[in-house]
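One-letter residues, chain by chain:
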Amino acid sequence: MTWSRRASIGVLATGAVLLLTLIVQTAFGSGHPWGETAFYGGALAYFLVLGTVLIWRVPGNRIGWIFALMGVALGVAGVSGSVGSQAGALFNAIGSAAWMGWLGAIFLLLILYPTGHFLGGLWRWAGWLTLALLTFGVLGTLFSEELCIEAGFDACDVWADNPIGIEGVPNPEYWGPFGLLVLLMLGLSIAALVARYRRADRVQRLQLKWFLFAGSGFVASILIEVVYSVGGTEPPLWVRILNGLGLLGIPIAATLAILRYRLYEIDRIISRTLSYVLLVGALGLVVLASIAILAAFLPSDDPIVVAVSTLAASALFNPVRRRVQSAVDHRFNRSRYDAPRVVERFTETLQEQVDPDDVVEGWLAVVEDTLQPSAVGYWAREA
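Presented here is a report on the structure given in the accompanying data block. (Residues numbered from 1 in each chain as written. Predicted model: local features only at pLDDT ≥ 70, side-chain atom pairs only at ≥ 80, totals over all residues. Heavy atoms only, no water.)

### Concerning the overall build of the chain
- Helix and strand counts for the chain come out as 12 helices and 2 strands.
- Going from N to C terminus, the chain has its helices and strands arranged as α-α-α-α-α-β-β-α-α-α-α-α-α-α.
- The 383 residues of the chain split such that 39% are buried.
- When contacts within the chain are restricted to residue pairs at least 6 apart in sequence, those whose partners lie at least 24 apart make up 62%.
- Total accessible area computed for the chain in this model is approximately 21300 Å², and 65% of it derives from carbon and sulfur atoms. (Helix = DSSP H or I, 4+ residues; strand = E, 2+ residues; numbered from the N terminus. Buried < 20%, exposed > 50% of the residue type's maximum accessible area, 1.4 Å probe, protein only. Contact = heavy atoms within 4.5 Å. Areas by Shrake-Rupley, 256 points an atom, 1.4 Å probe, with all protein chains shown as cover.)

### Quick look at the packing of helix α5 (residues 122–142) against helix α6 (residues 176–199)
- Contact pair α5 / α6: the axes reach a minimum separation of 10 Å and the direction vectors enclose 145°. In terms of crossing hand, the pair formed by α5 and α6 is left-handed. Between α5 and α6, the contacting residues are Trp123, Ala126, Leu129, Thr130, Leu133, Phe136 and Gly137 on the first element and Phe178, Leu181, Leu184, Met185, Leu188, Ala191, Ala192, Ala195 and Arg199 on the second.
- Per-class residue counts for the contact of α5 with α6 are 13 nonpolar, 2 polar and 1 charged. (Axes fitted to C-alpha atoms, helices over the stretch in contact; angles between N-to-C directions. Left-handed = near helix turned anticlockwise from the far one by under 90°. Nonpolar A, V, L, I, M, F, W, Y, C, P; charged D, E, K, R; others polar.)

### Observations concerning the environment of Ala292
- Position of Ala292 among the secondary structure elements: in helix α9 (residues 267–295).
- Residue classification places Ala292 among the exposed positions, given a relative accessible area of 53%.

### With respect to the side chain of Ser221
- With respect to the helices and strands, the residue Ser221 is situated in helix α7 (residues 202–230).
- Looking at Ser221, the relative accessible area reads 0%, which means it is buried.
- Non-local contacts of Ser221, meaning those with residues more than four positions away in its chain, are made with Val239, Leu242 and Asn243.

Coordinates in, geometry out; function isn't part of it.
Below, the structure is given as structure tokens:
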């Protein structure tokens, strides 16, 4: 097992511990409300699983690491935010630094997606500048002289000394020049993504279009919040909803590119994973519905209720699995879904074709449609 795969397992285990900690905090009344915990937990799991799969299957690509570390940063921010309100400024510093890292990683993701490498020329310097600003934001927040422990909409209401702070280091979140640098990061990230889109071929543009749309929506939501902040008014609810949709839209857009446009060539793994997630959910609903129906006639703890619901789920496993896999393939994995139909149509045409050249051309088309090789050719012996 390579070091990257070992590291991905460690990252996934760390995320699982953070997710469990979030749930335990909420269950014992010391954490976020259940609604916020569900958001944190769902986003954390999404980023972590997507990042771990990419690390496992495409180890040389930095995109998987960014997704995985964003999941860890989100978990650290959620856990530290709950602990910090009770245990003091140290956890507040850790949580704020994690939030800053998570936000900056999104800008870096927009610049590097999907190859994991900076574009050449001036774009390489823009990428390194964004990375430097991200590092400054995280370290500056972690070691700032003072921490904001009670924030208003556009300013900090209550400051506290940072136990690990360094004298003279400003808090980047409330330091004016850093805000201007964040706006510069926003512009550079979207401009780099647009430049990558313009240089891409037809297939790469299909892989990039949803990600470009999601990234633009995320940047637009931040700019709208900045406009309200400059005006001194709190943004309305629809702005916050737009911001949340923009954040979640980025990993969702990457998943769509993987599933539908064969990005990273791991669509089969993702489609199978998605199919089994939907299958487990469907069978879980079957079990719950069976228990609810039988509970109207029998006690809920009767062994017959458990036995019948389990048998119903077992009997439906294969039919539901085939239906779910077919639906997922039809929506996302068109090459696998269409391959049998392409072969079937070619077999029918063989009964009518008499020209050898037409038969060979049809066979080459079948190979290209079903196997999608990088190159295809044939050799025929002369008569």
